[in-house]
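Secondary and tertiary structure notes
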Amino acid sequence: MQQYSNSTKPKPAPSHQMDSPSINSSADAATSEAVANKPTAMRIFSEIPTSRPTTPLLDTIDSPADLKPLSQEQLLTLADELREYLLYSAGQSGGHFGANLGVVELTVALHYLLDTPKDKLVWDVGHQAYAHKVLTGRRDRLSSIRSKQGLTAFPERQESEYDTFGVGHSSTSISAGLGMSLALRHLKSDAKVACVIGDGAMTGGMAFEALNDAVQQDADLLVVLNDNDMSISCSIGGFSRHLAMLWESGYQVDITAKGKPKLKHRPEMPLSERRARHSALRDIPKVADNLFRAIGFSYFGPFDGHDLPELLRVLERAKNVSGPVLVHVYTTKGKGFIPAEGDPVTYHAISKLPQPSKAQQNESIAAVKPLAAKKKYSQVFGEFLCDKAAVDNKLIAITPAMEEGSGMTKFAQQYPEQFYDVAIAEQHAVTLAAGMATLDVKPIVAIYSTFLQRGYDQLIHDVALQNLDVTFGIDRAGLVGEDGATHAGVFDLAYMRCIPNLVIATPKDENECYHLLNTCYEYNGPTAVRYPRGTGPGAEITKPAQSYAVGRAVIEAVYQAQDAASSSNSYKLALLAFGPIVATADAAAKALMIEPNLEGPVEISVVNMRWVKPLDTQLIDELIAKGYTHIVTLEEHVVMGGAGSGVNEYLLNHASGIKQKLNIKNIGIADEFIAHGSHDEQLADCGLDVAGVTSQLRSLFAAQ
């Protein structure tokens, strides 16, 4: 598979722009000044500041209205201060990094020219909205981003009137913006709508559906295509090559020319660069038009997205053109920070800067040997892929633009002919796998739980209905910490459990994840293995891969009270745990058994259920036959429709054979979206940490 990196697109040539119909509107003072003056050099940074930088101009900006009186020179200074402040803030809080640095000038220009919040500015995904948050009254709270009760990681309507639409998933901005435009038309409002979408997000089918309808509705809609040749990793596919072709056009338009636009040749470039681009683009047909114009958009660009005076001039004119308009700008992810420009994948998001420890502060203290690093579940998945591909060349791995996040980089390098990154196109990824499975290959789809929601119809209609042999490695299942509700994988069991033919596994740790992946891969039919974000308990992976019995649970431990024989009660508790919460159930059982003065259970069995579907109903029957009076299910998933609901359904439909009274409780996530914070904080808030589970079990028996 051929991929195209930033090297396939030349940098924009100042003042020589391609394909711009004449635009007749006068610019204000700043844009008039921009025509006459070139921007001063942008400040470049090589380190993340550890103390708050001095930002005298930025400190005066409490809303976009404060931008209006600024001169061009002041706006340029503001952009420099804003970029430095973003660097500092990201070092303090962690979070999305490169995309925010890449849209500093664009954000300043849009908020300068639009009358927000009356005018509606819609961001796609939200990875790049930190600068927007700073300019809309949240500057001094930016370091709280992604922390509990701090700013959200993405735009959120409840957080600010300037956040017009809540985002977190890609490819939604044009649809949302079109909806706003049509609503404003109905309300007879003259407010404008601008959508910012990246080239990576443009590969999502929903974006093309919205483009098509915008033309159909003849909507007044400004779409700004932020083309940085990246999503999280490099953008790929035909659309990416089409954008590269636009850059390769032999003629461009000088938009500064008065009267009829003048065609100008692109300035000469080094022979080596021409050869490199020619090689990368040799299969792209040279066409006079482009996709956006072909479907009915007015198209302007490509322009340098870091040339603020140019942006002011172009956007000032484009916003006054009626009908659907697309402005194509070229930016660099991580712009202005040398390490991020050189490695935009690594710097897509960063962790907080480490605080010096006491040992580091005192040079006389000897260095402590670090503990062996635990493997992330995504690394376990990647390791399984490589190991299995080494013995089975039928394995094909598919990802919708999440190669790095899903742990597939090593596999992609070792088995490039068996790896397909389909870009941000979850629906396509699922049906692509279905098509492959009709022939003699075995596809595995690596996808985040929250993104599989976007391919739900395909999961039902194209995979399960046809009972095709597709395995889903579902990453980021459960709560995901700082990314918050938009990325939480807490609905997958509910939306998958009801699908016929689908088998669902929930490993308790890394070793079990490895073997359940193998079990599901070897199973002939649609299967899913759901595993959480980050690291597990550190279980060592035993090899070679095993195949477990499908639908069979494992009793992890049985605890009996020391005075069980003389106890006046006969309560027996079965904790049926699904996934990593098995460890929590075990710790809670131990705590409960030593609880003083509690008329609680004389026996507790901790069960690792392993399988949500099919359930191990035989084991449930055996526990009840042994006199278990209390059945409690535990899962890091919403209670409604989850694994516990499956246990309830079984007990309800087979209750006639149960002699003793059963007390049943489902422990999981309540019927609400869980706010961002650390994963531990989220678990505590949901009562899913050890203390919370123990408390809920204590209350269960106190009520007897």
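Since we're looking at a predicted model, the values are computed, not measured.

This paragraph deals with the nonpolar core. In summary, soluble globular proteins display a tendency toward joint burial of nonpolar side chains. Counting residues in hydrophobic clusters, the biggest one holds 54 residues, and the most contacted among them are Leu82, Leu86, Leu315 and Val327. Sorting elements by how many residues they give to this core places helix 2 (residues 72-93) first, with ten residues. Core analysis: the next-biggest nonpolar cluster, separate from the first, contains 49 residues, Ala464, Val470, Leu615 and Leu623 among them.

Under the local residue numbering, the UniProt record ascribes the feature "binding site: thiamine diphosphate" (unreviewed entry) to His127, Gly168, His169, Ser170, Gly200, Ala201, Asn228, Phe337 and Glu426. Secondary-structure assignment places His169 in the loop between helix 5 (130-138) and helix 6 (173-186). Excluding residues within four positions of it along the chain, His169 makes contact with Asp124, Val125, Thr450, Phe451, Gln453, Arg454 and Thr486. Side-chain polar atoms of His169 contact the side chain of Thr450, separated by 2.7 Å.

Looking now at the sheet that holds strand 11 (residues 419-421). Taken together, the seven strands give an open sheet; going across it, the order is 11-10-12-13-15-14-19, and neighbouring strands pair in mixed fashion. Where the open sheet ends on each side, the last strands, each with one partner, are strand 11 and strand 19 (611-613). Across the sheet, the mean angle from the axis of one strand to that of its neighbour is 20 degrees, orientation sign disregarded. Bridging between strand 14 (residues 503-505) and strand 19 involves two bridges; their strand directions are antiparallel. Paired with Ile504 across the strands is Lys613, a residue of strand 19. Relative to strand 12 (residues 442-448), helix 16 (residues 426-437) is tilted by about 165 degrees, and along the sheet it contacts strand 10 (395-399), strand 11, strand 12 and strand 13 (471-475).

Another aspect to go through is the side chain of Lys388. As for its position among the elements, Lys388 is in helix 14 (residues 377-389). Using a relative accessible area of 12% as the deciding quantity, one classes Lys388 as buried.

To continue, consider the pattern of salt bridges. Under the definition given, this model contains 28 salt bridges. The partner of Asp140 in a salt bridge is Arg139, with the nearest N and O atoms 3.2 Å apart. Looking at Asp140, the relative accessible area reads 56%, which means it is exposed. Arg139 sits in the buried class, given a relative accessible area of 7%. Between Lys319 and Glu316 there is a salt bridge, and its shortest N-O distance comes to 3.8 Å. Taking relative accessible area as the criterion, Glu316 reaches 9% and is therefore assigned buried. Salt bridges sharing partners connect three or more residues here, namely Lys133, Arg138, Glu159 and Asp163.

So, on to helix 21 (residues 581-593). In this model, helix 21 (13 residues) spans 18 Å end to end at C-alpha, consistent with the 18 Å of a helix rising 1.5 Å per residue. All buried positions along helix 21 are accounted for by Ile581, Val582, Thr584, Ala585, Asp586, Ala588, Ala589, Leu592 and Met593. Taken together, the buried residues of helix 21 touch strand 16 (554-560), strand 17 (572-577), strand 18 (603-608), strand 20 (630-638) and helix 25 (690-702).

Below, the discussion takes up unusual backbone geometry. Gly301 connects to Pro302 through a cis peptide bond whose omega is 0 degrees. Along the polypeptide, Pro302 turns up in strand 7 (residues 298-304). Of note, the bond from Lys543 into Pro544 is cis; its omega dihedral lies within 30 degrees of zero at 5 degrees. Its place among the elements puts Pro544 in the loop between strand 15 (527-530) and strand 16. With phi around 65 degrees, Arg610 is a residue other than glycine that occupies positive phi space. Within the secondary structure, Arg610 is located in the loop between strand 18 and strand 19.

Next up on the list: the sheet that holds strand 3 (residues 193-198). The pairing of strands in a sheet happens through backbone hydrogen bonds and is either parallel or antiparallel. An order of 2-3-4-8-7 is seen for the five strands of this open sheet, with the pairing classed as parallel. In this open sheet, the two edge strands, each paired with only one partner strand, are strand 2 (120-123) and strand 7. The sheet shows a mean angle of 20 degrees between the axes of neighbouring strands, direction not considered. Pairing between strand 4 (residues 221-227) and strand 8 (residues 324-330): seven bridges, direction parallel. Paired with Asn226 across the bridge in strand 8 is Val329.

Let us look at helix 14. The terminal C-alpha atoms of helix 14, which comprises 13 residues, lie 18 Å apart, in line with the 18 Å expected from a rise of 1.5 Å per residue. Burial of helix 14 is extensive: eleven of the 13 residues sit out of reach of the surface. Tyr377, Ser378, Val380, Phe381, Gly382, Glu383, Phe384, Leu385, Cys386, Lys388 and Ala389 are the residues of helix 14 that are buried. Each element contacted by the buried residues of helix 14 is listed here: strand 10, helix 15 (409-414), strand 12, strand 13 and helix 20 (510-522).

The subject of this paragraph is the packing of aromatic side chains. Applying the stated rule across the entire model yields eleven aromatic pairs. Between Tyr85 and Tyr88 the ring centres are 6.3 Å apart and the planes differ by 50 degrees, which places this aromatic pair in the tilted class. Placement of both Tyr85 and Tyr88 in helix 2 is noted, with a separation of three residues, approximately one turn of the helix. Residue classification places Tyr85 among the buried positions, given a relative accessible area of 4%. For Tyr88, a relative accessible area of 16% corresponds to the buried category.

A word on the confidence of the model for the chain. In the predicted model, the chain carries a mean pLDDT of 84, and 81% of its residues have values of at least 70. Scored below 50 in pLDDT, residues 250-288 shows 67 contacts in the model against residues more than four places distant or in partner chains. Scored below 50 in pLDDT, residues 358-370 shows four contacts in the model against residues more than four places distant or in partner chains.

Glancing now at the state of the cysteines. On inspection of all chains with the given rule, the structure shows zero disulfides. With no disulfide partner, Cys513 has as its closest neighbouring cysteine sulfur the one in Cys520, 9.8 Å distant. Judged by relative accessible area, Cys513 falls into the buried class, the value being 0%.

With that settled, consider the environment of Pro532. Relative to the assigned elements, Pro532 resides in the loop between strand 15 and strand 16. C-alpha separation for the pair Pro532 and Glu636, spaced 104 residues apart in sequence, amounts to 9.4 Å. If near-sequence neighbours (up to four positions away) are discounted, Pro532 is found in contact with Tyr377, Asp475, Arg476, Ala477 and Pro580.

Turning our attention to the environment of Gly168. Topologically, Gly168 is positioned in the loop between helix 5 and helix 6. Considered as a pair, Gly168 and Asp124 are 44 residues apart in the sequence and their alpha carbons are 7.8 Å apart. Excluding residues that lie within four positions of it along the chain, Gly168 makes contacts with Val125, Phe154, Thr486 and His487.

Right, let's talk about the side chain of Arg138 for a bit. Residue placement: Arg138 occurs in helix 5. Side chain to side chain, Arg138 and Asp163 meet in a polar contact 2.8 Å long. Apart from the residues within four sequence positions on either side, Arg138 is in contact with His132, Lys133, Leu151, Glu159, Ser160, Tyr162 and Asp163.

A pair of packed helices is captured by two measures, namely the crossing angle of their axes and the spacing between those axes. Closest axis-to-axis distance for the helix 14/helix 20 pair is 9 Å, and the angle between their directions is 45 degrees. By the angle between their axes, helix 14 is oblique relative to helix 20. For the pair helix 14 and helix 20, the sense of crossing is right-handed. Along the contact surface, helix 14 presents Tyr377, Val380, Phe381, Glu383, Phe384, Asp387 and Lys388, while helix 20 presents Glu510, Cys513, Tyr514, Leu517, Asn518, Tyr521 and Glu522. Residues that form the contact of helix 14 with helix 20 fall into these classes: eight nonpolar, one polar and five charged.

About the cut-offs
- Residues numbered from 1 in each chain as written.
- Predicted model: local features only at pLDDT ≥ 70, side-chain atom pairs only at ≥ 80, totals over all residues.
- Heavy atoms only, no water.
- Core = buried A, V, L, I, M, F, W, Y, C linked by side-chain atoms within 4.5 Å.
- Buried < 20%, exposed > 50% of the residue type's maximum accessible area, 1.4 Å probe, protein only.
- Helix = DSSP H or I, 4+ residues; strand = E, 2+ residues; numbered from the N terminus.
- UniProt positions renumbered as here; feature names shortened; annotations may be inferred.
- Contact = heavy atoms within 4.5 Å.
- Polar contact = N/O pair within 3.5 Å; in protein donor to acceptor, adjacent residues only side chain to side chain.
- Pairing = 2+ DSSP bridges.
- Axes fitted to C-alpha atoms, helices over the stretch in contact; angles between N-to-C directions.
- Salt bridge = Lys/Arg side-chain N within 4 Å of Asp/Glu carboxyl O.
- Expected span 1.5 Å × (residues − 1).
- Phe/Tyr/Trp six-rings, centres within 6.5 Å; stacked < 30°, edge-to-face > 60°.
- pLDDT = per-residue confidence, 0-100.
- Disulfide = S-S within 2.5 Å.
- Parallel < 35°, antiparallel > 145°, perpendicular 65-115°, else oblique.
- Left-handed = near helix turned anticlockwise from the far one by under 90°.
- Nonpolar A, V, L, I, M, F, W, Y, C, P; charged D, E, K, R; others polar.

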